[in-house]
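This is what each chain is made of:
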Amino acid sequence: MKLVVRVIEAKNLPPTDPNGLSDPYVRLQLGKHRFKTKVIKKCLNPKWDEEFSFKVDDLNEELVISVMDEDKFFNDDFVGQLKVPVSLVFEEEIKSLGTAWYSLLPKSKKSKNKESGEIRLSIYFAQKNALIESNGSGDLLLHPRMMDSPSRSSTGRSSSSSPVREEITSAKDEKSSTQKTITGRIAQIFNKSSDMSSTPTRRSIDLDQPETSKVEVSEMKAEDQSSNETFEEAMRKIQSEDQGSEIPSNLPAGVLIDQQYVIAPEDLNELLFSSDSDFLKLLADVQGNTELEIGPWKFENDGEIFKRSVTYVKAPSKLIKAVKAFEEHTYLKADGKNFAVLTSVSTPEVMYGSTFRVEILYVITPGPELPTGEQCSHLVVSWRMNFIQNTMMKGMIENGARQGMKDSFDQYASLLSQTVKPVDPKDISSNKEQALASLHAEPESDWKLAVQYFANFTVISTVFIGLYVLVHIWLATPSTIQGLEFGGLDLPDSIGEFVVCAVLVLQGERVLGLISRFIKARGQKGSDHGIKAQGDGWLLTVALIEGSNLASVDSSGFSDPYVVFSCNGKTRTSSIKFQKSNPVWNEIFEFDAMDDPPSVLDVVVYDFDGPFDEAASLGHAEINFLKANIADLADIWVPLEGKLALACQSKLHLRIFLDNTRGGNVAKEYLSKMEKEVGKKINLRSPQTNSAFQKLFGLPPEEFLINDFTCHLKRKMPLQGRLFLSSRIIGFHANLFGKKTKFFFLWEDIEDIQVIPPTFSSMGSPIIVITLRKGRGVDARHGAKTQDEQGRLKFHFQSFVSFNVAHRTIMALWKARSLSPEQKVEFVEEESDTKSLISEESGSFLGVDDVSMSEIYSCSLPIPASYLMEIFSGGELDRRVMEKSGCINYSYTPWVSENIDISERAVYYKFEKRISSYKGEVTSTQQRSPLLDGKGWLVEEVMNLHGVPLGDYFNIHLRYQIEDSPPKAKGCRVQVLFGVEWLKSTRNQKRITKNILENIQERLKVTFSLAEKELQPK
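A short tour of the structure in this document, coming up.

The rules we used
- Residues numbered from 1 in each chain as written.
- Predicted model: local features only at pLDDT ≥ 70, side-chain atom pairs only at ≥ 80, totals over all residues.
- Heavy atoms only, no water.
- Salt bridge = Lys/Arg side-chain N within 4 Å of Asp/Glu carboxyl O.
- Helix = DSSP H or I, 4+ residues; strand = E, 2+ residues; numbered from the N terminus.
- Buried < 20%, exposed > 50% of the residue type's maximum accessible area, 1.4 Å probe, protein only.
- Core = buried A, V, L, I, M, F, W, Y, C linked by side-chain atoms within 4.5 Å.
- Arc of directions from axis to C-beta.
- Contact = heavy atoms within 4.5 Å.
- Polar contact = N/O pair within 3.5 Å; in protein donor to acceptor, adjacent residues only side chain to side chain.
- 1 Å grid on protein atoms, 1.4 Å probe; cavity = no way out; pocket = protein on both sides within 12 Å on 5 of 7 lines; lining within 4 Å.
- Points joined across faces, edges and corners; volume = space filled by probe spheres on them.

A look at the pattern of salt bridges
Piece 1. Counting across every chain of the model gives 20 salt bridges.
Piece 2. Close ionic contact of Asp592 with Arg572 constitutes a salt bridge, the shortest N to O distance being 3.9 Å. Taken together, the positions of Asp592 in strand β22 (residues 584-594) and Arg572 in strand β21 (residues 570-573) put the pair 20 residues apart, joining distant regions of the chain.
Piece 3. The partner of Arg792 in a salt bridge is Asp788, with the nearest N and O atoms 2.7 Å apart. Assigned by exposure class, Arg792 and Asp788 land together as buried.

Laid out in structure tokens, this is it:
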């Protein structure tokens, strides 16, 4: 006999992880037989709906059901447990406990968590009986819902609840101690039969059925009646109850179909899954399947689950004879536009057929808008093997199933293409131009904007009060001079008059503020909108449509948002929308052609308040091109992250297009470039190898494998596997004793790569230690050996067959994705040669005379001028001063003589986040020359800001004049002048100048106070 246990769901599980959630799964054990369900990530009310069967040899055994929490790094945590005596199930009249909720018990009475939640189970015995449901493997399942009539056959199960059983273990003691063997139990059945009056063999079971069973039968009949509603009505019902759940991700075994069709998503859903559709019948004819039976769609579990069953005899193949197949279709999502259906297929008649199920996921989503205006659908079919029992033939079964699935869905796709027209790729490519051409900022009249800004209570009440006061002045007679008044000064004569004056002043101030914001909003224009991309390679185009529910950071309830896009070290900045929480941009940004395919696009929304704004950003998002389908990015709402953004549920509407203008030679060109860096021939991999690599890590088709190496991943114990290197990722995969370890991270995520000399623990092999940036590589943390105090993950790889080749390849690929500060300084030097920043022999910068310079800092220091010039020498003090003032990655070139008395150098650094929230970069050119009297120095500097809003609108000029004090004073005097050279016009010049001035003054104080401390004679 077999005991069947169906694990349906659980609720109110206690949290065991620090994030307040759990990763629960269920472990079942009866005697020596053990099973476990899949793991549900980050959930306290999981749903499994998995079925297991146990062979029963002894009725004295107990079924132990344990709910566990998966832990990647430590032992799994215990959540709760339930023990069910097998004899209790057998002694039920219908050999079933039905479907019921059971309370989970803690491991011991001393446990802190007394409440362990509840689990919903269906437990019953499988017997051979003509009146009972068949599971297709020769055994017939006895289930309480199938007992309504002997002439009735059912293809599905109902899961209506039975009374809750909390103290189930205590029931064991109340049963008789006799008849402990299966033989005795069967004898008991015959004895009961002999005591009854003679009845026909095929009697109606509901004549002597308990009341609970009759209630369940009535529920089953009601459910059958509910199945009479049409498929369209059922879809509308599911759509009305949809709570915005996410679309399921593709199943891990691979994608069988990924195609777009010229049909609306709801029509494609109806074609594939409606009961009135003939598609399954046509597919059965094409595939040679017979005896097709399609059951009706039914709601189960109080309307929470919508499913149907399909049975057919699968056509014989070269290796397998004709077998019967059972399919169960279940809707996971249906919101009117997006549909997801999970199909579980079982073929119990094949060898080892009872040990596995094949699961197929159909996902239908809206496709891009076509030039013809027709609707388009995107169908993705993926699959996986679900082994419900362990078997040594797992690998052979998977390989056979993979080939069978490929053949079957080739026929499926062919039939569907004959029924529905597939989308032509040319139509999709032309869709980019159409989508971008439709974007243009709608001009708004001044009258419309005036109404938007001034039609509010503040303005209206102020105008009314002002008119009221003017009428009063016209009607009233002048009062006599009294108190402290004199001619021309009329003071309030009472508290009431004082309050009225204060209200008038405050109201007037608020109206002036509205007028100021109105003028700024009308005058502001975009910075990078409309700039065309140049070059040949990977072209990235981003259309910024609008924002929704952006956070406000001031009392007005609005913000001044602008968006910064960053990709492969290049940035594009949108215009600033003043006083908007739902701004509309309709701006297009193109990135110059990139040699390397981009990995991520960083999107940050800021609130404008000058280039050195220290306020927190309004939100940020990261678009990963390796994990997202490019077609899905053609029109997407991106939710923003961050405290403010999450609180307001902020989103951005974007359209993103990524094109490669170099054709199919990208891989060859990239490999030839890497060969020069590595110093070794790198062979182009075959399409089959690249395809396998892409499927292994779930990468897009444009990603290609460069090289792979056998190595060990060092964690607690070395794990042998393979390290895969491509142009954008570094990945690791191992399959040891059936346990797979797989992860990857981006080259841009790497902060540092070090080599540790061979040690005894590394078996005489050097160790490559890869350190990721803080907060990066979260999905790969299970492969990290350690995490330092700064939160950075460290990965250790060792035991390479050819360490030198592996190390050179890794370093070359890492360097290719980013420029070092020294390389950026060299770039600045080359660029400075093309710019005429120096005029004649005077040594002053071109245009300085046109810049209004004013003194912003001066001081006297007890240090000679020659000593103080150490802060410009490029030595250790120079570096410490820059780091202290918030400048990182500080690099410089040596002073180079331009004339007899004039020297020049280039400087590069970045701002820390405390100085500039978006970490702007500075390239600066400095000149130094002695004063005319030879008693000091003159240092002039022109600074260019990069990666800040409106940074290309201006240059910053500084002039340091350091001269020795008179001999009696013993020291020097420092005078610093400041000016801003405006290259483009903007109405925010005063605002930006003030912000820059405050930052530079603070930096000068830190610089010269540190210089005084370090250089003052002791």
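Looking at unusual backbone geometry
Piece 1. Of note, the phi angle at Lys42 is positive, near 50°, even though the residue is not glycine.
Piece 2. Taking relative accessible area as the criterion, Lys42 reaches 56% and is therefore assigned exposed.

Considering the nonpolar core
In a soluble, globular protein the nonpolar side chains are often hidden away together inside.
Piece 1. Of all hydrophobic cores here, the largest spans 51 residues; its most connected members are Leu868, Tyr909, Val976 and Phe1008.
Piece 2. Tallying contributions element by element places helix α20 (residues 989-1015) first for this core, with eight residues.
Piece 3. Within the second largest apolar cluster, 43 residues are counted, among which are Leu272, Leu379, Phe387 and Phe409.

A word on helix α7 (residues 279-287)
Piece 1. For α7, the complete set of buried residues consists of Phe279, Leu280, Leu283, Ala284 and Gln287. Axial view of α7: buried residues confined to an arc of 135°, hence all on one face.
Piece 2. Next to the buried residues of α7 lie α6 (265-273), β12 (290-294), β14 (305-314) and α8 (394-419).

A few points about the environment of Ser277
Piece 1. In this fold, Ser277 is placed in the loop between α6 and α7.
Piece 2. In this structure Ser277 comes out as buried when scored by relative accessible area, which is 14%.
Piece 3. Residue contacts for Ser277: discarding those within four places in its chain leaves Glu270 and Leu271.
Piece 4. Polar contacts involving the side chain of Ser277 include one to the main-chain carbonyl oxygen of Leu271, which spans 2.5 Å.

Some words on the layout of surface pockets
Piece 1. The calculated volume of the second largest pocket comes to roughly 1500 Å³.
Piece 2. Every residue lining the second largest pocket is counted, 45 residues in all, and those nearest its centre are Lys314, Ile320, Gly404, Met405 and Ser408.
Piece 3. Sorting the residues of the lining of the second largest pocket by element identifies α6, α7, β14, β15 (323-334), β16 (339-346), β17 (356-366) and α8 as the ones contributing at least two each.
Piece 4. Per element, the largest residue contribution to the lining of the second largest pocket is twelve residues, and it comes from α8.

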